[in-house]
Structure formats: structure tokens, C-alpha cells
Amino acid sequence: MPELSADQFSLIYNMLSLTIAAMFGTFAFFVLAKENIAVKYKPAIVCSSLVVLIAGYHYFRIFQSWDDAYAISESGMYVATGVPFNDAYRYVDWLLTVPLLLVELIVLLSLTRERMQDVLTRLVIASVLMIALGYPGEVSDNTGTQALFFVLAMIPFVYILRVLWKELAAEIAEEDGKVKELIEQTRMLLMISWLFYPVAYIFNLAGGTAEAELQAETPPNAQVLDPLRAGRDGLVVDVVAVEHHEEACVDIERRAPHAIVAMLSLLDFHTGTNRRR
């Protein structure tokens, strides 16, 4: 672990604190918002709630590990205490939350049960492979090993993005209005945010400086990207689900007068028939 200035230590300390607050705050929002969501989309909101709850717990453990790994010296610099910083919490978190994030996105789409099961099975397997292949490169000190596992992890990574792009494109083609616009924005935001991870991994491969070592050991990008990733997808699901629900209500309201007229006509017909009898 590199020696850190007070500002460097505080930056990571405060980002972790902010992440924990964001995760648990988002969890509370999803729990409260669940009752306003149509039944069809409630499983997606449940997945969103689990994602931020699991991530909040793991980042609390990372926060504790970070605090234990450093102590301030007489010179005012933060030095390693000898207690290892457990960065593996991030990968354990991803192993649980990435499949759940994929589930919540796919549930949002208009797929048949059989098609949904097929897509989810392929995506979950690919996500587990991606994370499992990325971890050996993350913890290795050898640049060749890091590069090898980066290439291997990129295979399921690219596959996941390709499947999501294809499925979201099909959904966009079937939707219209505000929902279509939201899903288009979701697709672009999803691709951009996911691409930050390989970029950060490549940055770590550069190595060689104290700043790069700090980046590799305690990636501040993860503290920024993870709450955005976990909370973003859930909030998008919430917005799209609410928009779907509102459009359905508007459609019902639009049809309601016609249905009432038809019912009254039918009632009048039966009343007239009974009178004639």
C-alpha cells in the first residue's frame, strides 16, 4: 500500500462514505416507490432494491477495511498499518449485483417467458465468466498476466453488450412516444457507463507511478462508477415502468367513454326488450 497524503486518504474515505449513503438512500427510495409501479415491473424494482442493498453492505465493509489499512504518522502522512486492504469485496459485490442488474433490465423488455429465460441464462453465465476472468488480472503484479486476463474477460464483456444492444434495439422498435425515448437514452447510457470499466482496467495496466499504484490498489473510479451503475439502472427501470403505467392509464381513460357508451347501449337494449315483452 502506498504512502498517502491527508488529501489523498480523505478523497477515498469521503467517496466511500458518499457511496454508502447513496446506496442506502436509493434502497429506501426503491422500497417506497415499489407501490407505485405496475405489477408487471415490480420484479425489476425488487432486483434494483437488492442491488443497492448488497452494494451498500459491501462498500461499508470496504470502508472499514480502508480505515483499518491506514494510520496517520507523525509526519502527517498516512502509512500502511500492515492490515491488508480487502479489495476483493468489489468483485464479490459484482458477482452478485451484475447478474441482478441484467435481470432488472431484461424484465423491463416485452419478451415471452421462454425468450426471457434464454436471454437471462446466457447473460448471467457471461457476467459470471467476465468477473471471474477479470479478478486474476486485477490482483496480479505481472503486466503480462493482467493483459491476458483482460483480453479473456473482454470476450464475455463484449458478448453481454452485444446482446443488450440487440434486445434493447428490438424493444425500441416496438415502443413509441416517451417510453421509446427513455429506452433509447437507457441504451446509450448503459453502453457509455459500461465502457468505463475496461478503460479503467487499461489505465491500471500502465502502472509504474505512486498514483497508478494507488489507482490499482484502491480504484477511486469504482467508488464513482458503482453507485452510478447500481442506482442508475434502478432509477431508469422506475422511470420507464412509471411511464408505461401512465400510458396504460391514459389508454384506459381514452377507451373508457366508448366502453361506457357501449354498456349503456346494451343496457338500453335489454330494457327495451323486456318492456316489449
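Since the structure is predicted, the reported quantities are computational estimates derived from the model, not experimental observations.

### Description of the overall build of the protein
Here's step 1: Scanning the protein for helices and strands turns up eight helices and two strands.
Here's step 2: Reading the protein from its N terminus to its C terminus gives the helix and strand order α-α-β-β-α-α-α-α-α-α.
Here's step 3: In the protein, the share of contacts with a sequence separation of at least 24, taken over all contacts with a separation of at least 6, comes to 77%.

### Comments concerning the pattern of salt bridges
Here's step 1: By the definition in use, this model includes three salt bridges.
Here's step 2: Arg 115 is the salt-bridge partner of Asp 118, the closest N and O atoms lying 3.6 Å from each other. Placement of both Asp 118 and Arg 115 in helix 4 (residues 113-139) is noted, with a separation of three residues, approximately one turn of the helix.
Here's step 3: Between Asp 118 and Arg 122 there is a salt bridge whose closest N-O contact spans 3.3 Å. Pair noted here: Asp 118 and Arg 122 are both in helix 4, with a separation of four residues, about one helical turn.

### Side note on the environment of Arg 90
Here's step 1: Looking at where Arg 90 falls in the secondary structure, it is placed in helix 3 (residues 88-107).
Here's step 2: Measuring from C-alpha to C-alpha, the distance between Arg 90 and Arg 61 comes to 9.8 Å, with 29 residues separating the pair along the chain.

### Examining the packing of aromatic side chains
Here's step 1: Per the counting criterion, the structure on display carries 11 aromatic pairs.
Here's step 2: Measuring from centroid to centroid gives 5.6 Å for Phe 9 and Trp 66, while their planes differ by 15°, and the two rings are stacked. Note that Phe 9 is positioned in helix 1 (residues 6-33) and Trp 66 in helix 2 (residues 42-69), a separation of 57 residues in sequence.
Here's step 3: Arranged with centres 5.9 Å apart and planes meeting at 70°, the rings of Phe 9 and Tyr 70 form a pair that is edge-to-face. Linking Phe 9 in helix 1 with Tyr 70 in strand 1 (residues 70-72), this pair joins segments that are 61 residues apart in sequence.
Here's step 4: With relative accessibility at 5%, the residue Tyr 70 sits in the buried group.
Here's step 5: Each member of the aromatic cluster is reached from another via a ring pair, and the members are Phe 9, Tyr 13, Phe 63, Trp 66, Tyr 70, Tyr 78 and Phe 85.
Here's step 6: Of note, Arg 187 hangs over the ring of Trp 165, and the distance from its end group to the ring centre comes to 3.8 Å.

### Considerations on helix 1
Note that an α-helix has 3.6 residues per turn; residues three or four places apart therefore point the same way.
Here's step 1: In this model helix 1 runs 40 Å from its N-terminal to its C-terminal C-alpha over 28 residues, within 8% of the 40 Å that 1.5 Å per residue would give.
Here's step 2: Phe 9, Ile 12, Leu 16, Thr 19, Ile 20, Met 23, Thr 26, Phe 30 and Ala 33 are the residues of helix 1 that are buried.

### Let's talk about the confidence of the model for the protein
If pLDDT is low for a region, its predicted coordinates should not be looked at in detail.
Here's step 1: When the pLDDT values of the protein are averaged, the result is 75; 73% of them are 70 or greater.
Here's step 2: In the model of the protein, helix 7 (residues 210-217) stands out as the element of lowest mean pLDDT, 42, in contrast to strand 1, which has the highest, 91.
Here's step 3: The model gives residues 208-221 a pLDDT under 50, and that stretch makes 28 contacts with residues more than four places away or in other chains.
Here's step 4: In this model, residues 248-277 is a region of pLDDT below 50 whose contacts with residues beyond four sequence positions or in other chains number zero contacts.

### A closer look at helix 5 (residues 143-174)
Here's step 1: Taking 1.5 Å per residue as the helical rise, helix 5 with its 32 residues ought to reach 46 Å, and the 46 Å between its terminal C-alpha atoms agrees with that figure.
Here's step 2: Where helix 5 bends most, at Met 154, the angle is about 25°, and the proline Pro 156 comes one to four residues later.
Here's step 3: Near the N-terminus of helix 5, the side chain that reaches the backbone nitrogen of Gly 144, with its oxygen 2.8 Å away, is that of Asn 142.

### Observations concerning the nonpolar core
Here's step 1: Ile 106, Leu 123, Ile 160, Leu 164 and Trp 194 are the most contacted members of the largest nonpolar core, which has 35 residues in total.
Here's step 2: In terms of residues, this core owes the most to one element, helix 3, which gives 10 residues.
Here's step 3: The contacts of Leu 123, once residues within four sequence positions are left out, are Leu 102, Ile 106, Ile 160, Val 163 and Leu 164.
Here's step 4: Listed in part, the 14 residues of the second largest apolar core include Tyr 59, Phe 63, Ala 69 and Tyr 78.

### Here's the deal with the side chain of Ser 140
Here's step 1: Take Ser 140: it is sitting in the loop between helix 4 and helix 5.
Here's step 2: Residue classification places Ser 140 among the buried positions, given a relative accessible area of 16%.

### Notes on the packing of helix 2 against helix 3
Here's step 1: Their axes nearest at 9 Å, the elements helix 2 and helix 3 cross at an angle of 165°. In terms of orientation, helix 2 lies roughly antiparallel with respect to helix 3. Crossing hand, helix 2 versus helix 3: left-handed. In this structure, helix 2 uses Pro 43, Ala 44, Cys 47, Ser 48, Leu 50, Val 51, Ile 54, Ala 55, His 58, Tyr 59, Arg 61 and Ile 62 to contact helix 3, whose residues at the interface are Tyr 89, Arg 90, Val 92, Asp 93, Leu 96, Thr 97, Leu 100, Leu 101, Val 103, Glu 104 and Val 107.
Here's step 2: Considered class by class, the residues forming the contact of helix 2 with helix 3 number 16 nonpolar, three polar and four charged.

### Side note on the environment of Leu 129
Here's step 1: Turning to its location among the elements, Leu 129 is positioned in helix 4.
Here's step 2: Residue classification places Leu 129 among the partly exposed positions, given a relative accessible area of 45%.
Here's step 3: The spatial distance from the C-alpha of Leu 129 to the C-alpha of Met 154 is 9.9 Å, given a sequence separation of 25 residues.

The rules behind these values
- Residues numbered from 1 in each chain as written.
- Predicted model: local features only at pLDDT ≥ 70, side-chain atom pairs only at ≥ 80, totals over all residues.
- Heavy atoms only, no water.
- Helix = DSSP H or I, 4+ residues; strand = E, 2+ residues; numbered from the N terminus.
- Contact = heavy atoms within 4.5 Å.
- Salt bridge = Lys/Arg side-chain N within 4 Å of Asp/Glu carboxyl O.
- Phe/Tyr/Trp six-rings, centres within 6.5 Å; stacked < 30°, edge-to-face > 60°.
- Buried < 20%, exposed > 50% of the residue type's maximum accessible area, 1.4 Å probe, protein only.
- Lys NZ or Arg CZ within 6 Å of the ring centre and 35° of its normal.
- Expected span 1.5 Å × (residues − 1).
- pLDDT = per-residue confidence, 0-100.
- Bend = angle between axes of the 7 residues up to and from the residue.
- Polar contact = N/O pair within 3.5 Å; in protein donor to acceptor, adjacent residues only side chain to side chain.
- Core = buried A, V, L, I, M, F, W, Y, C linked by side-chain atoms within 4.5 Å.
- Axes fitted to C-alpha atoms, helices over the stretch in contact; angles between N-to-C directions.
- Parallel < 35°, antiparallel > 145°, perpendicular 65-115°, else oblique.
- Left-handed = near helix turned anticlockwise from the far one by under 90°.
- Nonpolar A, V, L, I, M, F, W, Y, C, P; charged D, E, K, R; others polar.

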